[in-house]
Amino acid sequence: MAVSMFKICATLSRSSTKLRGAISLLDKHDFSTTNIKLRKEKDTMGELDVPDDKLYGAQTVRSIMNFPIGGIEERMPYPVVIAMGILKKAAAKVNMEFGLDKKLAEAIMQAADDVISGKLYREGHFPLVIWQTGSGTQTNMNTNEVIANRAIQILGGTLGSKDPVHPNDHVNKSQSSNDTYPTAMHVAVAMELRDRLMPGLVALRDTLEAKSKEFDKIVKIGRTHLMDAVPLTLGQEFSAYSTQLTFGIERVCATLPRLHYLALGGTAVGTGLNTRIGFAEKCAAEIASLTGIPFETAPNKFEGLACHDAMVEVSGALNTISVSLMKIANDIRLLASGPRCGLGELMLPENEPGSSIMPGKVNPTQCEALTMIAAQVMGNHVACTVGGSNGHFELNVFKPMMVANVLRSIRLIGDGCTAFNKNCAVGIKANEANIAKIMRESLMLVTALNPHIGYDKAAAIAKTAHKEGTTLKDAAIKLGHLTAEQFDKWVRPEDMLGPK
């Protein structure tokens, strides 16, 4: 048996080696056996072949060669590339004020618009993955090359010539990867919080708040430690859920002042070397104008480059929201369990068949999706925390991983809340008959007797009823602690919903 298993493993290993060899040709950007038209481009390390239908240049190709990690699913997030386009457009406009040739600046701004529109990302001009240098240098240069070559096209020049637009001298003027990439991080995350997270999160909060009001008169039994407790209304129960999300929204909003600080203008280590006085402030104002978000220049650029506490702070708020969503979704699916052999207090929309073998079974699938999202966001936050804690001296070099995880959390929560709201929350109904039945059977209604007969006698009534399988009323009368009339007067669930 051991020998046969060894042969199988050896065969699999040889097959895997062949596959890796085939993949490595692509990873090494080897076009010698293809019909792709190529051009030559140079960087400071030499000359490389570049596909002639792509706007990127030699530095991008070099990154493709050196970081064949993960494949297309690990591409630099779309919002980061859009943010890079925004900041490059802003920098070109400001540089024009400081003397950059107007024709070149306008061509760069027009090329940046093509990045901002998403067109160039969709066409494959931004192929780099997250797993590159931790400062995001390759993505900054990828952006510089694409915008430079697109500007050259606009001006009627030769692709790859760096004439009349140079990726470093013109597109990257007064900038460094060390300040552009963290700027893109903040711009991308702020835009996604506004456009992706908040619509879904607010909509779900509003629905849960509406359900709280709808269910306000439905009295039910509470549960603590998963055991019967005193009554509350279903509306009160749902009010906790809507309040959790309200606080989650407030937590995200509380992070925004730090997120709105931009590192642009700090260049390599935060000193602002090779920039002009006022460049940072003008760029922040222009980015604010382009995005509609009140960005401003970071008061301390050294902090803006060397650490990303603001990113960890945002991730922490998202992590707290994921904790809330886990609680809410789990409660809802437990309250809806059954429909006959569980709690069955809620009825959820029936969206799809739940079993390939059990006819008629319907599962709380939206709750399950949301709880999986919550788990993933918690994991993303761990990675972001590790990255944020590893800034060394004047530069944190976990930038792409950190922003990718935060952006993924934003999208998952935003999309997850939208789906859960539409396909579950708005359609939740109360099973009032079952709620009433369960409440009538609860032993913890005996708590209402504490002020009248004391804790010990009330406990004796509850234990007797449970042991003998009778009602609280029957046990109370049997033990002689009160009359039927007193029980009916004092044990009224609707009177047990708040302080006297």
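Predicted model, so just to flag it, every value in this text is computed and none were measured.

**Side note on the nonpolar core**
Then, in step 1: Of all hydrophobic cores here, the largest spans 104 residues; its most connected members are Val80, Val189, Leu193, Ile287, Leu318 and Ile332.
Then, in step 2: At 14 residues, helix α8 (residues 177–214) tops the list of elements feeding residues into this core.
Then, in step 3: Apart from the residues within four sequence positions on either side, Val80 is in contact with Tyr181, Ala184, Ala188, Val403 and Leu407.
Then, in step 4: Ala448, Ile453, Val491 and Met496 belong to the second largest nonpolar core, which has 21 residues in total.

**Some words on the UniProt feature "domain: Fumarate lyase N-terminal" (unreviewed entry) in the protein**
Then, in step 1: The UniProt entry lists residues 46–379 under the feature "domain: Fumarate lyase N-terminal" (unreviewed entry), expressed in the numbering used here.
Then, in step 2: Across residues 46–379, helical content stands at 59% and strand content at 7%; the span's end C-alpha atoms are separated by 41 Å.

**Section: the environment of Asn95**
Then, in step 1: Relative to the assigned elements, Asn95 resides in helix α3 (residues 78–97).
Then, in step 2: With 76 residues separating them along the chain, Asn95 and Val171 place their C-alpha atoms 9.5 Å apart.
Then, in step 3: With sequence-adjacent residues up to four places away left out, Asn95 is seen in contact with Leu100, Lys173, Ser174, Gln175 and Phe279.
Then, in step 4: For Asn95, the side chain forms a polar contact with the main-chain oxygen of Lys173, separated by 3.2 Å.

**Regarding the packing of aromatic side chains**
Then, in step 1: Counting across every chain of the model gives three aromatic pairs.
Then, in step 2: With a centroid separation of 5.3 Å and 75 degrees between ring planes, the pair formed by Phe215 and Phe238 is classed as edge-to-face. One end of the pair, Phe215, is in the loop between α8 and β3 (219–224); the other, Phe238, is in helix α9 (residues 234–259), with 23 residues separating them in the sequence.
Then, in step 3: On the basis of relative accessibility, which here comes to 0%, the residue Phe238 falls in the buried class.
Then, in step 4: The interplanar angle of 65 degrees and the centroid separation of 5.2 Å between the aromatic rings of Phe238 and Tyr241 together place this pair among those described as edge-to-face. Remark: Tyr241 and Phe238 occur in helix α9; sequence separation between them is three residues, near one turn of the helix.

**Concerning helix α17 (residues 455–468)**
Along an α-helix, a turn takes 3.6 residues, which lines up residues three or four apart on a common side.
Then, in step 1: Spanning 14 residues, α17 covers 20 Å between terminal C-alpha atoms, matching the ideal 20 Å at 1.5 Å per step.
Then, in step 2: If you check which residues of α17 are buried, you get Ala458, Ile461, Ala462, Thr464 and Ala465. Angularly, the buried residues of α17 cover 165 degrees about the axis, an arc narrow enough to put them on a single face. When the buried face of α17 is taken as reference, the exposed residues oriented beyond 90 degrees from it are Tyr455, Asp456, Lys463, His466 and Lys467.
Then, in step 3: Looking at the buried positions of α17, the neighbouring elements they touch are α16 (450–453) and α18 (472–479).
Then, in step 4: Positive phi shows up at Gly469, right after α17, with a value of about 70 degrees.

The rules we used
Residues numbered from 1 in each chain as written. Predicted model: local features only at pLDDT ≥ 70, side-chain atom pairs only at ≥ 80, totals over all residues. Heavy atoms only, no water. Core = buried A, V, L, I, M, F, W, Y, C linked by side-chain atoms within 4.5 Å. Buried < 20%, exposed > 50% of the residue type's maximum accessible area, 1.4 Å probe, protein only. Helix = DSSP H or I, 4+ residues; strand = E, 2+ residues; numbered from the N terminus. Contact = heavy atoms within 4.5 Å. UniProt positions renumbered as here; feature names shortened; annotations may be inferred. Polar contact = N/O pair within 3.5 Å; in protein donor to acceptor, adjacent residues only side chain to side chain. Phe/Tyr/Trp six-rings, centres within 6.5 Å; stacked < 30°, edge-to-face > 60°. Expected span 1.5 Å × (residues − 1). Arc of directions from axis to C-beta.

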